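Listed here are the chains, written in short residue letters.
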Amino acid sequence: MGETFISVPEISLSSGIGRGMPVLGLGTAADPPVESEVIRNAVLEAIEVGYRHFDTAALYNSEQPLGEAVAEAIRRGLIKSREELFINSKLWCSDAHPEHVEVNPCWQQKKLREFCKGNGILVVAYAALGAVGTFYGTNRGMESEVLKEISDARGKTIPQVCLRWAYEQGIGVLVKSFNKDRMKQNLQLFSWELSEEESKKISEIPQSSACLEISLCSGGRKLPVLGLGTATFPPVEPEIVKQAVLEAIKLGYRHFDTASVYQTEQVLGEAIAEALGLGLITSRDELFITSKLWCSDAHGDRVELNPCWQQRKLLEFCRANGIVVAAFSPLGAVGTSWGSNRVMESDVLQEIAKAKGKSVAQICLRWGYEQGAVVVMKSFNKERLKANADIFNWELSEEESKKISDIPQSRGQRGEEFISPDGPIKSLEEFWDGEL
């Protein structure tokens, strides 16, 4: 018996090319790369079960095996001509990356989708299932309790629920699987629909991107904008740090900060090894870990930046010179020897948080993100880790940002320990160039 053929719906394009684009496509980028024969066979099997939309680029090294698969499909009579297929490549083929538009239930891109819909632009979603197994991906979607609950109730897989959700948003979806059974499962999404209640539950999933990163002027990979610090004052048991790092990895954190003086380098390494063993990540390369050049006496002074110490002059200098600022004490470092509760008890921040239905911590972290800074926060509490990551699907209004900019400024880490009448720096004014 032949394969059951599923006809994939098409979306009309505003470019007027005369045909629509199939809403479900097969991506051919593989990280790590696979043999050309694997791609060729996967494309053939995809055509056989009904896929008609394929995504490629020169960088993926998949253009040739894709072409060979299309030729073989024509020879076998699976399709009559190349015209039956919709194939995407990239205008900048020599250095294309799979970073089109990330859209999935954990990063829903509501604002972008509304803009595109209003301007006749078709959104094609990559990382529709969270890009698990790639250096930039996360398993947050596949381990989402909300999605699992819906899939169990429906007798569907979590990928099917994710893909159906995307289809109902009116967007195209790229999936990547070289497994024939999963290809067939991914096509089983057009004969049913999500209920209004299920759609509402999905819309309320905490949002954070798999790839919310900042490019570094040094080149190479990017730096995730939200990181977890591992310094504690006073120190805690290593097992507490280890469990916090594991929970953070499960939730999607991919940036961790450490130093020899924190006594967390070893336990961070142990947590990473365990995360690899549990399959939470597939490689150390998925993580961005910062330590210190002067590890023997490193301090967390990673740059102090928060709404009560906004570092405007330094931020302007760094922006102009291509320097990425990483903010420490983004919540005021409450509980440390140098910290205070000025940030968390700010009337301005509490007012904004209440009006937006957010926590003061979320307001602070969102503010730091909107300054273009990488934000390194520290919490060993699972619920706070989740809440702190939920800062990317909303923004501060112009009025709210203005209120924050008017907060009286004072430095938390004053640096008295570096001042001495007998030393080279004799006053705080001299130490901080007058910026206290």
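All values derive from a computational prediction rather than experimental measurement.

Asker: Please provide a residue-by-residue account of the pairing of strand β3 (residues 24–27), values included.
Answerer: Residues Leu 24 and Leu 26 line one face of β3 and the alternating positions Gly 25 and Gly 27 line the opposite face, and both faces are buried. By the bridge criterion, three bridges tie β3 to strand β8 (residues 172–175) in an arrangement that is parallel. Residue pairing for β8: Gly 25 is matched across the bridge by Leu 174. Bridge count between β3 and strand β4 (residues 53–55): two bridges; the pairing is parallel. Within the sheet, the bridge partner assigned to Leu 26 lies in β4 and is Phe 54. In terms of handedness, the path from β3 via helix α1 (residues 36–49) over to β4 forms a crossover that is right-handed.

Asker: Could you give an account of the pattern of salt bridges, naming the residues involved and the relevant values?
Answerer: For the structure shown, the criterion picks out 19 salt bridges. For Glu 48, the salt bridge is made with Lys 180, and the minimal N-O distance between the two is 3.7 Å. A residue pair is termed long-range when its members are at least 10 positions apart, and Glu 48 in helix α1 and Lys 180 in helix α6 (residues 180–187) qualify at 132 residues. By relative accessible area, which is 22% here, Lys 180 ends up partly exposed. Taken together, the shared-partner salt bridges in this structure form one network comprising Glu 37, Arg 40, Glu 72, Arg 75 and Arg 76.

Asker: If you had to explain α1 to someone new, which residues and values would you point to?
Answerer: The terminal C-alpha atoms of α1 lie 20 Å apart, and with 14 residues this matches the ideal 20 Å at 1.5 Å per residue to within 8%. Those residues of α1 hidden inside the fold are in contact with β3, β4, α2 (63–76) and α6. Positive phi shows up at Gly 50, right after α1, with a value of about 125°.

Asker: Any chance you could break down the nonpolar core for me, citing the residues and the numbers?
Answerer: Judged by nonpolar contacts, the single largest core of 48 residues is most densely connected at Tyr 253 and Phe 256. Contributions of two or more residues to this core are made by β11 (226–229), α8 (238–251), α9 (265–278), α10 (312–320), α11 (347–356), α12 (360–370), β15 (374–377) and α13 (382–389).

Asker: Outline the packing of aromatic side chains, supporting the account with residue identities and numerical values.
Answerer: Aromatic ring pairs are defined here through the distance separating the ring centres and the angle between the ring planes. Inspection of the entire model under this criterion finds three aromatic pairs. Ring centres 6.1 Å apart and planes at 75° place the aromatic pair Trp 107 and Phe 392 in the edge-to-face group. With respect to burial, Trp 107 and Phe 392 carry one shared label: buried. Every member of this aromatic cluster is reached through a ring pair, and the members are Trp 107, Tyr 369 and Phe 392. Sitting above the plane of the Phe 178 ring, Lys 176 keeps its charged end 5.1 Å from the centroid. The ring centre of Trp 394 lies 6.0 Å from the NZ or CZ of Arg 366, which sits over that ring.

Procedures and definitions
- Residues numbered from 1 in each chain as written.
- Predicted model: local features only at pLDDT ≥ 70, side-chain atom pairs only at ≥ 80, totals over all residues.
- Heavy atoms only, no water.
- Buried < 20%, exposed > 50% of the residue type's maximum accessible area, 1.4 Å probe, protein only.
- Helix = DSSP H or I, 4+ residues; strand = E, 2+ residues; numbered from the N terminus.
- Pairing = 2+ DSSP bridges.
- Right-handed = clockwise from strand over helix to strand, strands pointing away.
- Salt bridge = Lys/Arg side-chain N within 4 Å of Asp/Glu carboxyl O.
- Expected span 1.5 Å × (residues − 1).
- Contact = heavy atoms within 4.5 Å.
- Core = buried A, V, L, I, M, F, W, Y, C linked by side-chain atoms within 4.5 Å.
- Phe/Tyr/Trp six-rings, centres within 6.5 Å; stacked < 30°, edge-to-face > 60°.
- Lys NZ or Arg CZ within 6 Å of the ring centre and 35° of its normal.

Taken by themselves, the reported measurements are silent on function.
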